[in-house]
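Coordinate analysis (summary)
Here is what each chain is made of, one letter per residue.
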Amino acid sequence: MGAKIMVSIRLKVAPAVAFDLFTQKVDDWWRKGPKYRMGPQGRLRFEPGEGGRLVEIYDEAAGELFEIGRILVWRPGERLVFEWRLPNFTADQVTEVDIGFAAVEDGTRLTLEHRGWDSLPPDHPARHGMDDRRFLLINARWWEDQFEALRSASDE
Amino acid sequence: MTPNLSVIDSTLAALADPTRRGVIDLLRERPRRAGELAAAARMSGPAMSRHLRVLRAGKLVEESHPENDARQRIYQLRPEPFDALQAWLEQVQQFWNGQLDAFKAFAEAEPTHRES
C-alpha cells in the first residue's frame, strides 16, 4: 500500500538553480507559522552533500540545533533525498522526503514525495515514556499548526 | 478536515508490520478465512491470530462467521481507518503544497536567479 504523498510544481528556473535555491536558501523561503512546534524559531539549513544533515538551528554559537534528518542523496540539479523526523521521533523513526528536479521546456518540474508514514514502529522501547497516542498526537498538532499558519498566511 | 487522531494512531501502528500489511493486501481482494491468511503468510494459526488481533484492535478488519459454521472466522476490511489515514496524508500534502508554493514564489521572484 504505502502511505505517501506526492506533490509536483513547475518553476521558471533551471534545475541547477532550483536545487541551489531549495537547499542554500531554505530558511528564506520556508514558511513558518506562529505556532511552529519544532521548538524556538530556528534557522533551517541543509549541510551540503550526502551524509550532511537538514538541521534547525536555534543557537549557532551554543550548538543548539535539532537534526531533522540525514541527507541520503545529493545530486545538484537532479535529486535530493533526506530523512524527515520530528522532535518526538526516536532515532530509527524516520520518514523520507525525495525530491526530483527535472528539466522541462521553460524551467524545472519539481516532484516531491514524502513516504514512510506507514512504517513508524508502533512500540519502540526508547520512547521515553511517551505512548503511541501522545507521540502521534504531538505530530498531528505540529502538522495542524503548519496548516493553520499556511491558511492564515494565504488569507492575508 | 481534521482526522480522528486515535484512529490514525492505531492505523499506523497496525500497518507498521509487514505481515499485517500483507494481510491487508489480501483482504483488499476479498474477505478470507483466518486459516487462509495463515497459509498465505506461511505462518502458524496462533501466530496469525496475534496479527489479526492487532488489526481488529485497530479496527482495520472485522470478523464474522458463516451462517452454517459458528467456529469459522471470516475477516474483511473496514474502510474507515483508511479514510482517516487518507485524510491525514492529505494534510501532509497540503503542507508540502504550501511549502512548494512558497519556494516557487521565492525562486521566480529573484531576477538574478532566473534562467537567461
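These lines cover the structure that appears in this document, whether it is placed above or below.

What counts and how
Residues numbered from 1 in each chain as written. Chains lettered and ligands numbered in written order. Predicted model: local features only at pLDDT ≥ 70, side-chain atom pairs only at ≥ 80, totals over all residues. Heavy atoms only, no water. Helix = DSSP H or I, 4+ residues; strand = E, 2+ residues; numbered from the N terminus. Buried < 20%, exposed > 50% of the residue type's maximum accessible area, 1.4 Å probe, protein only. Contact = heavy atoms within 4.5 Å. Areas by Shrake-Rupley, 256 points an atom, 1.4 Å probe, with all protein chains shown as cover. Salt bridge = Lys/Arg side-chain N within 4 Å of Asp/Glu carboxyl O. Core = buried A, V, L, I, M, F, W, Y, C linked by side-chain atoms within 4.5 Å. Pairing = 2+ DSSP bridges. Axes fitted to C-alpha atoms, helices over the stretch in contact; angles between N-to-C directions.

Digging into the overall build of chain B
- Regarding its fold elements, chain B presents five helices and three strands.
- Along the chain direction, N to C, the helices and strands of chain B fall in the order α-α-β-α-α-β-β-α.
- Every one of the 116 residues in chain B was classed for burial, and the buried ones make up 41%.
- Long-range contacts, defined as pairs at least 24 residues apart, comprise 53% of the intrachain contacts of chain B with a sequence gap of at least 6.
- For chain B, the exposed area adds up to about 6200 Å²; of that, 48% sits on carbon and sulfur atoms.

Thoughts on the environment of Gly77 of chain A
Residues and elements named next belong to chain A.
- Mapped onto the fold, Gly77 is located in the loop between strand S4 (64–75) and strand S5 (79–84).
- In this structure Gly77 comes out as buried when scored by relative accessible area, which is 13%.
- Considered as a pair, Gly77 and Ala18 are 59 residues apart in the sequence and their alpha carbons are 7.1 Å apart.
- In contact with Gly77, other than residues within four places in its own chain, are Pro15, Ala16, Phe19 and Phe101.

With respect to the pattern of salt bridges
Residue and element names in this part refer to chain A.
- Counted under the stated rule, the structure contains 15 salt bridges over all chains.
- Of the charged contacts in the structure, one is a salt bridge between Glu67 and Arg53, with a shortest N-O distance of 3.6 Å. One end of the pair, Glu67, is in strand S4; the other, Arg53, is in strand S3 (residues 53–59), with 14 residues separating them in the sequence.
- Here Glu67 and Arg70 are joined by a salt bridge, their closest N and O atoms 3.6 Å apart.
- Each of the salt bridges in this network shares a partner with another, and the network as a whole consists of Glu47, Arg53, Glu67 and Arg70.

Looking at the nonpolar core
- Phe22, Leu80, Trp84 and Leu110 of chain A together with Trp96 of chain B are the most contacted members of the largest nonpolar core, which has 36 residues in total.
- Sorting elements by how many residues they give to this core places helix H5 (residues 80–109) of chain B first, with eight residues.
- Among the nonpolar cores identified, the runner-up in size contains 14 residues, and Val23, Met48, Leu52 and Leu55 of chain B belong to it.

Quick look at the sheet that holds strand S1 (residues 4–11) of chain A
Residue and element names in this part refer to chain A.
- The strand order S1-S7-S6-S5-S4-S3-S2 describes an open sheet built from seven strands, whose pairing is antiparallel. The strands lining the two open edges of the sheet, one partner per strand, are S1 and strand S2 (43–46). On average, adjacent strands in this sheet sit at an angle of 20° to one another, irrespective of strand direction.
- Across nine bridges, strand S6 (residues 95–104) lies against strand S7 (residues 107–115) in antiparallel orientation. Along S7, the bridge assignment pairs Ala103 with Thr108.
- Running over the sheet, helix H1 (residues 15–24) touches S1, S2, S4, S5, S6 and S7 and is turned about 150° from S6.

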